[in-house]
Amino acid sequence: VSLDYYRRESVKILKVFKEVEGAIVEKASIDESYLYLTTPVIAAILSRYPSLSKPPSTSTSSSTSQGLDTPLPSPASMGIRIPWSEVGNIIPVRRAPAAEGEDESQAEEEVESEVTWHDVALWIGAEMVAKCRAGVQARLGYTCSAGIAGNKMLAKLCSAWKKPNAQTVLRTAAVAGFLNPFPFQKIRNLGGKLGNQVAETWKAESVGELLGIDLKEFQRELGEENGKWVWEVIRGGEWGEVEEKTLVKSMLSSKYHWIHVLSTELYGRLADARAEAEIWPKTLTFHYRTLNYTVRSHQLPFPYTSNLTIAYIDNLAQRLVKAALPPKLVPTETVGPWNNFSLGFEGLERGEKGQAGIQSFFSAGQVETEAGGKAEGKRKAEEVVILSSEDGGGTGGAGDAEKEEEQRERKRRKKEERLAAAAPSKAKAAAAPSTFSCERCAKPVSIPTGQDLDKARAEHADYHVARDLLEGERMAMRGPPKPLAAASTVGKESGTGPTGGGKKSAKKTGEEGRRAKGQSSLTGFFGRK
């Protein structure tokens, strides 16, 4: 069964919800959403009862005034009466659980409860939700059920109170009586290991059976954080925020079919999602379950492309499948030793505005090539498409022939203009000398290709300046010749100098030679020409 149709309709329903000004919409699943209506509800209360928007007087004549800390007047004192029957089903306010030794049947009695400002907020919120549901039915033909309460957990629970096509309001005063008989493992996050641990530890099934357990005992058995959370949630306290979330964060396709089928489905879903917003996944992930029920996965980055196709997804998917296969099994078809596998996108995020492929950075003029060839053939194909669209998709006829002739003539003129513009530079390059004579080197020096004569002379002159500076540094480091070294050299040449002086001179001359040799290695920084 394909869920594509349901996903597209879900997007349309979310659009209706987002029309409530100031509301925050969080998509929980394909058929469930949360609406945070605090901001528009407060605005509506101040609009209906403008006296609340004025700060109370702080004059000393009023003994009851406390400035901004003055409590709000009760709704009853302002003459507010709430027509609950007009906004849906109302969960009745019942007595608190019976105390020990008291008749438990009395806890089922409905009691009257004074209207509070929280009730007023729920009433106005229920009116807004009723308009949303009516809009969905009028425009799309779908019915919806809704729960209106003080937090996400309570709203979800009471939304299922009287289905279908209904909405239910859970007042604060009715929370205790509503939760008391409720199976606590139906509460979100209490249906798994934590819920089983609670049930086994206290042999309980309903919320009412847990209300007598104090906070310290919960924390001792479940841990500090889990114990506090369970203690609060069975009393209706849940502090999860409604977050703006209408775009998908991941996509998954899981069927007992070939990878190509999964790639096709993911392509359709991503294309639909990108029609609503410029989102793009970070990774493509292949999950599989082996024959011994071990679940594993492989993933690859999913690079952006402006030309998204089924083949693009399929090629990456095939690489993931090959990576998942055992080394000795390389089948010709995409099937492995698994009893289930799935392909999915993860990390879907809204891309940067104007995100596009690298080809978008080049204008049409920059991608033209001198050789023509492939680029020229591509331009011809584009021109044929343009011509076909202008003439209603037909081909042939005198008009088409004339247009094609114009296109060919225009190309011929452009080509001649380019060749004419390039001719002077080619002639100039051919006439330019390839060498010049240096007076100091007394030999010809070659000119690098593409460089003019003046620049080549200047660079060669810089070479001589650098050599002169290097020779000057060498002479400064050597210093003037020493007498001993000079005398020993004469003695060595004539054979009449002192023998000791001759040996010492030879040793010192060797040291100077080695030092000079080390200094001469600096010439490696300059090329010889």
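What you see is a predicted model; the values in this text were computed from it and never measured.

Engineer: Can you break down the layout of surface pockets residue by residue, with the values?
Structural biologist: Taken as a whole, the largest pocket encloses approximately 1,400 Å³ of empty space. Surrounding the largest pocket, 48 residues form its lining, Ser 33, Tyr 34, Leu 35, Ala 146 and Gly 147 being those nearest its centre. Contributions of two or more residues to the lining of the largest pocket are made by helix H1 (4–17), strand S1 (24–29), strand S2 (32–36), helix H2 (38–48), helix H3 (117–140), strand S4 (146–148) and helix H4 (152–159). Considering each element in turn, the lining of the largest pocket owes the most residues, eight residues, to H3. Of the residues belonging to the lining of the largest pocket, the class tally is 25 nonpolar, 13 polar and ten charged.

Engineer: How would you summarise the pattern of salt bridges if you had to cite specific residues and measurements?
Structural biologist: As enumerated under the stated definition, the model contains ten salt bridges in all. We note a salt bridge from Glu 32 to Lys 156, for which the minimum N-O separation is 2.8 Å. Taken together, the residues Glu 32 in strand S2 and Lys 156 in helix H4 connect sequence positions 124 residues apart. Arg 48 is paired through a salt bridge with Glu 127; the nearest N and O atoms lie 2.5 Å apart. Pair noted here: Arg 48 is in helix H2 and Glu 127 is in helix H3, with a separation of 79 residues, a long-range link. Assessed through its relative accessible area of 38%, Arg 48 is described here as partly exposed.

Engineer: Tell me about a nonpolar patch on the surface, and name the residues and values.
Structural biologist: A contiguous nonpolar patch, built from Leu 3, Tyr 5, Tyr 6 and Ile 30 and spanning about 400 Å² of accessible area, is present on the exposed surface. Within the fold, Tyr 5 resides in helix H1.

Engineer: Describe in detail the pairing of strand S8 (residues 283–290), supporting the description with residues and values.
Structural biologist: Within a regular strand, side chains alternate between the sheet's two faces. Taken across its eight residues, S8 has six buried, putting it largely inside the fold. Direction of pairing for S8 relative to strand S9 (residues 295–301): antiparallel, over a ladder of seven bridges. Bridge pairing in S9 links Thr 285 to Gln 299. Following S8, the chain reverses through four residues before pairing antiparallel with S9; Tyr 293 in that reversal takes a positive phi of roughly 65 degrees.

Engineer: Describe in detail the nonpolar core, supporting the description with residues and values.
Structural biologist: Grouped together as the largest cluster of nonpolar side chains are 31 residues, with contacts concentrated most on Ile 45, Tyr 49, Val 120, Trp 123 and Ile 124. Elements supplying a minimum of two residues to this core: H1, H2, H3 and S4. Not counting chain neighbours up to four residues away, the residues in contact with Trp 123 comprise Arg 48, Tyr 49, Ile 80, Ile 82, Pro 83, Trp 84 and Val 87. Listed in part, the 30 residues of the second largest apolar core include Ala 155, Ala 174, Val 207 and Ile 234.

Engineer: So what about the sheet that holds strand S3 (residues 89–90)? Which residues, and what values?
Structural biologist: Overall, parallel pairing links the three strands, which are arranged S3-S5-S4 in an open sheet. Each edge of the open sheet carries a strand with a single partner, namely S3 and S4. As paired strands, S3 and strand S5 (residues 167–169) are joined by two bridges and run parallel to one another. The partner of Ile 90 across the bridge, within S5, is Val 169. Taken strand by strand, H3 contacts S4 and S5, and its axis lies near 175 degrees from that of S5. Along the sheet face, H4 touches S4 and S5 and points at about 135 degrees away from the line of S4.

Engineer: Help me get a handle on unusual backbone geometry, residues and values and all.
Structural biologist: Note that the residue after Lys 163, namely Pro 164, is joined by a cis bond; omega there is -5 degrees. Inspection of the secondary structure puts Pro 164 in the loop between H4 and S5. Despite not being glycine, Asn 165 has its phi angle at roughly 50 degrees, a positive value. With relative accessibility at 39%, the residue Asn 165 sits in the partly exposed group. Positive phi, close to 50 degrees, is recorded for Lys 203, a residue that is not glycine. Following the sequence through the fold, Lys 203 ends up in the loop between helix H6 (193–202) and helix H7 (215–222).

Engineer: Hey, could you go over H3 for me, with residue numbers and the actual values?
Structural biologist: In this model H3 runs 34 Å from its N-terminal to its C-terminal C-alpha over 24 residues, within 8% of the 34 Å that 1.5 Å per residue would give. Once H3 finishes, Gly 141 follows within two positions and takes phi at roughly 85 degrees, a positive value.

Engineer: For the packing of aromatic side chains, give the residues involved together with the corresponding values.
Structural biologist: In the structure shown here, the tally under the stated rule is ten aromatic pairs. Relative to Trp 117, the ring of Tyr 49 lies with its centre 6.0 Å away and its plane at 70 degrees, an arrangement referred to as edge-to-face. Note that Tyr 49 is positioned in the loop between H2 and S3 and Trp 117 in helix H3, a separation of 68 residues in sequence. Summarising the burial analysis for this pair, Tyr 49 and Trp 117 share the class buried.

Engineer: An account of the packing of H1 against helix H9 (residues 259–276) is needed here, citing residue identities and associated values.
Structural biologist: Their axes nearest at 11 Å, the elements H1 and H9 cross at an angle of 15 degrees. Classed by the angle they form, the pair H1 and H9 counts as roughly parallel. Crossing angle aside, the handedness with which H1 passes H9 is right-handed. Along its contact with H1, which presents Asp 4, Arg 7, Arg 8, Val 11 and Lys 15, the element H9 presents Glu 265, Arg 269, Asp 272 and Glu 276. Residues that form the contact of H1 with H9 fall into these classes: one nonpolar, no polar and eight charged.

Procedures and definitions
- Residues numbered from 1 in each chain as written.
- Predicted model: local features only at pLDDT ≥ 70, side-chain atom pairs only at ≥ 80, totals over all residues.
- Heavy atoms only, no water.
- 1 Å grid on protein atoms, 1.4 Å probe; cavity = no way out; pocket = protein on both sides within 12 Å on 5 of 7 lines; lining within 4 Å.
- Points joined across faces, edges and corners; volume = space filled by probe spheres on them.
- Helix = DSSP H or I, 4+ residues; strand = E, 2+ residues; numbered from the N terminus.
- Nonpolar A, V, L, I, M, F, W, Y, C, P; charged D, E, K, R; others polar.
- Salt bridge = Lys/Arg side-chain N within 4 Å of Asp/Glu carboxyl O.
- Buried < 20%, exposed > 50% of the residue type's maximum accessible area, 1.4 Å probe, protein only.
- Patch = residues over 30% accessible without salt bridge, like charges linked within 9 Å, V, L, I, M, F, W, Y side chains within 5 Å.
- Areas by Shrake-Rupley, 256 points an atom, 1.4 Å probe, with all protein chains shown as cover.
- Pairing = 2+ DSSP bridges.
- Core = buried A, V, L, I, M, F, W, Y, C linked by side-chain atoms within 4.5 Å.
- Contact = heavy atoms within 4.5 Å.
- Axes fitted to C-alpha atoms, helices over the stretch in contact; angles between N-to-C directions.
- Expected span 1.5 Å × (residues − 1).
- Phe/Tyr/Trp six-rings, centres within 6.5 Å; stacked < 30°, edge-to-face > 60°.
- Parallel < 35°, antiparallel > 145°, perpendicular 65-115°, else oblique.
- Left-handed = near helix turned anticlockwise from the far one by under 90°.

Everything listed here is a matter of coordinates, which is why it stays silent on function.
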